[in-house]
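Observations on the model geometry
Here are the chains, one letter per residue:
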Amino acid sequence: MQKLTIRRPDDWHLHLRDGAMLEGVIGDTSRHFARAIIMPNLVPPVVTTADARAYRERIMAALPQGDVFQPLMTLYLTEHTNPDDVEEGKSSGLITAVKLYPAGATTNSHGGVRDMDKAMPVLERMAKIGLPLCVHGEVTDADVDIFDREAVFIETVLDPLRRRLPELKVTMEHVTTSDGVDYIKSASNLAGTITTHHLIINRNAILVGGIRPHYYCLPVAKRESHRLALRAAATSGDGRFFLGTDSAPHVDPLKECGCGCAGIYTSINTMSCLAHVFEQEGALDRLEAFASLNGPAWYGLEPNAEQMTLIRRIESLSFPDKIETGAGPVTVFDPMFPLHWDVEAHSGK
Ligand code: NCD
Ligand code: ZN
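Predicted model, so just to flag it, every value in this text is computed and none were measured.

1. Observations concerning the nonpolar core
Ranked by internal contacts, the top residues of the largest apolar core, which has 94 residues, are Leu123, Leu133 and Leu310. No other element matches the 7 residues that helix α4 (residues 116-129) contributes to this core. Excluding anything up to four places from it in sequence, Leu310 contacts Gln2, Lys3, Leu4, Ile6, Met271, Ala275, Leu287, Trp341, Asp342, Val343 and Glu344. Within the second largest apolar cluster, 12 residues are counted, among which are Ala97, Tyr101, Trp298 and Tyr299.

2. Points about the packing of α4 against helix α5 (residues 149-164)
For any two helices packed against each other, one specifies the inter-axial angle together with the distance between the axes. The N-to-C vectors of α4 and α5 enclose an angle of 40°; their axes lie 12 Å apart at closest approach. Our classification of the angle between α4 and α5 gives oblique. Between α4 and α5 the crossing geometry is right-handed. Contacts between α4 and α5 pair Met116, Asp117, Met120 and Leu123 from the former with Val157, Leu161 and Arg164 from the latter. Here the contact of α4 with α5 is built from residues that sort into 5 nonpolar, no polar and 2 charged.

3. Observations concerning the site of ligand 1
In the vicinity of ligand 1, 15 residues are found, and the nearest of them are Asn41, Thr106, Leu218, Asp246 and His250. A distance of 3.0 Å separates an oxygen atom of ligand 1 from a polar side-chain atom of His15. Here ligand 1 is seated within the largest cavity. Across the shell around ligand 1, the residue classes tally to 4 nonpolar, 9 polar and 2 charged.

4. Re the environment of Gly295
Considering the arrangement of structural elements, one finds Gly295 in helix α11 (residues 287-299). A relative accessible area of 1% places Gly295 in the buried class. Gly295 sits 52 residues away from Leu243 along the chain, and the two C-alpha atoms are 7.3 Å apart. When sequence neighbours within four positions are dropped, the list of residues in contact with Gly295 reads Trp12 and Phe242.

5. Topic: a negative patch on the surface
A cluster of acidic residues, Asp145, Asp148, Asp179 and Asp182, forms a negative patch on the protein surface. Following the sequence through the fold, Asp182 ends up in helix α6 (residues 178-186). Accessibility expressed as a relative area gives 48% for Asp182, which makes it partly exposed.

6. Regarding the coordination of the zinc ion (ligand 2)
Donor atoms from the polypeptide that bind the zinc ion (ligand 2) are His13 (NE2), His15 (NE2) and Asp246 (OD), placed at 2.0 Å. Every donor counted, the 4 donor atoms about the zinc ion (ligand 2) form angles of 90 to 140° at the centre, which fits irregular coordination. In primary-sequence terms, the residues that donate to the zinc ion (ligand 2) follow H-x1-H-x230-D. With a gap of 233 residues between them, His13 in strand β2 (residues 11-14) and Asp246 in the loop between β9 (241-243) and α9 (252-255) connect regions that are remote in the sequence.

7. Side note on the packing of aromatic side chains
This structure, assessed with the given rule, holds 6 aromatic pairs. With a centroid separation of 6.0 Å and an interplanar angle of 80°, the aromatic rings of Tyr215 and Phe333 are classed as edge-to-face. With Tyr215 in the loop between α7 (204-207) and α8 (224-234) and Phe333 in the loop between β12 (328-331) and β13 (341-346), the pair connects residues that are 118 residues apart, well separated along the chain. What makes Tyr215 buried here is its relative accessible area of 9%.

Thresholds, definitions, all that
- Residue positions are given per chain, counted from 1 along the sequence in the order it is written.
- Whichever chain is written first is A, and whichever ligand is written first is 1; the rest continue in order.
- Only residues with pLDDT of 70 or above have their local features reported here, since the model is predicted, and side-chain atom pairs are shown and tallied only from 80 upward, although totals for entire chains, interfaces and linings are computed over all residues.
- To get the side-chain values, take all heavy atoms of the structure and skip hydrogens and water.
- The nonpolar core is taken to be a set of buried Ala, Val, Leu, Ile, Met, Phe, Trp, Tyr and Cys residues, with the residues joined through side-chain atoms within 4.5 Å.
- For each residue, the accessible area found with a 1.4 Å probe, counting protein chains only, is set against the maximum for its type, and the residue is called buried under 20%, exposed over 50%, and partly exposed in between.
- Helix numbers and strand numbers start at the N terminus; a helix is a DSSP run of H or I with at least 4 residues, a strand a run of E with at least 2.
- When checking whether two residues touch, look at their non-hydrogen atoms; a contact exists if any pair is within 4.5 Å.
- To get an axis, a line is fitted to the C-alpha atoms, and for a helix only the part in contact is used. The angle between two axes follows their N-to-C directions and goes from 0 to 180 degrees.
- An angle counts as roughly parallel when it lies under 35 degrees, as roughly antiparallel when it exceeds 145, as roughly perpendicular when it falls between 65 and 115, and as oblique in every other case.
- Should the near helix be turned anticlockwise from the far one by less than a right angle, the crossing is termed left-handed; should it be turned clockwise, right-handed.
- Amino acids outside the nonpolar list (Ala, Val, Leu, Ile, Met, Phe, Trp, Tyr, Cys, Pro) and the charged list (Asp, Glu, Lys, Arg) are all regarded as polar, and Gly is one of them.
- We call a residue near a molecule or strand as soon as one heavy atom of that residue lies within 4 Å of the molecule or strand.
- Counting of polar contacts relies on pairs of N or O atoms within 3.5 Å, with two restrictions inside protein: one atom must be capable of donating a hydrogen and the other of accepting it, and residues adjacent in sequence are counted only when both atoms are side-chain atoms.
- Space inside and on the surface of the protein is sampled on a 1 Å grid over the protein atoms alone, with a cavity defined as a set of points where a 1.4 Å probe fits but cannot get out and a pocket as an open set with protein on both sides within 12 Å along at least 5 of 7 lines; lining residues have an atom within 4 Å of a point.
- Being in a pocket or cavity means that more than half of the molecule's atoms lie within 2 Å of its grid points.
- Residues enter patches when their relative accessible area tops 30% and they take part in no salt bridge; the joining distance is 9 Å for like charges and 5 Å for the nonpolar side chains Val, Leu, Ile, Met, Phe, Trp and Tyr.
- With residues, only the protein chains shown are counted as cover, and all accessible areas are computed by Shrake-Rupley using a 1.4 Å probe.
- The working definition used for a salt bridge is a side-chain nitrogen of Lys or Arg within 4 Å of a carboxyl oxygen of Asp or Glu.
- This count recognises Lys and Arg as positive and Asp and Glu as negative, with His and chain-terminal groups excluded.
- Lys charges are placed at NZ, Arg charges at CZ, Asp charges at CG and Glu charges at CD.
- Distances up to 2.8 Å from the metal define which N, O and S atoms are donors, and 3.2 Å serves for Na, K and Ca; water is absent from the atom set, so sites may look incomplete.
- Metal sites are grouped by the angles between bound donors: all angles between 85 and 135 degrees with four donors is tetrahedral, opposite donors over 155 degrees apart with the others between 65 and 115 is square planar for four donors and octahedral for six, and any other pattern is irregular.
- Centres within 6.5 Å make a pair out of two Phe, Tyr or Trp rings, where for Trp the six-membered ring is used; the pair is then stacked when the planes are under 30 degrees apart, edge-to-face when over 60, and tilted otherwise.

So this is what it looks like as structure tokens:
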């Protein structure tokens, strides 16, 4: 196949940041994606509906002229989140989901939840009004090995929560293990996002031949068998799995240092990378389900009316090594193979 036309895709997990970084990165998303679930882990985090409304306005103001893009806002769940405020956010149409970060799990998550009991009133209200919970599925206990944090989270946090509140719709974000894939398949009212980079790299990319900070993200990439399980899930067409890039820009000085930040920047080349992966798996006909159909179905939205055409070029494409933002340079994800699938056009432009 040399040409593929799909519905215009959406990104169901994205970090846009704020200020100069937001201005520097948003065009790479809005060029291709019609909508994205916007992560609330700013400093300070997006906690209230008023915070989310103001952040949405800053995003719309930073959007390149002519781009048609809809940010789907989320709230950062804390132990003090007010259920009434959450309900107002949903009923006004502003809030698409609430995000659970276990305290300390990842970038800017120190204000996250320590004691799930304290979050129960909000979670009960969300179950009642049909507002999904997005979870960063990792425990933070110091005695749990970092490569086991997702599996332990499923067993000790997610499964008990789902038993306690089966009506709550949960999106397990950036699934990185076969344990996560198997759990999603076995459960109801549960779906999972998968990132572009976890379909491409395993933990060797971070550690072999030197320490490579631009392949470090959270949840950290796991061993090869897990990557293969993610590929199988993503390319299966199963409606419970869909794209959330988790594109997470950090300026190079904050990645290339003694204690580098977690996050990989993939917005700019995600569609080319995904087409490559789906072609390798003989599943180009299922790229549309993963990138454009399964996500909206899960969130109760229509798929985008516009279409995107990808074309396989003979010559390999060239993406910049870095993008320059007003906040500083951000290194672009290098999949370590040449990319040939080019986004030719989409009818949203
Ligand atoms: C994200 C970030 O930088 O905000 N980092 C990452 O490695 N994905 C946070 C997150 O989603 O865990
Ligand atoms: Zn993220």
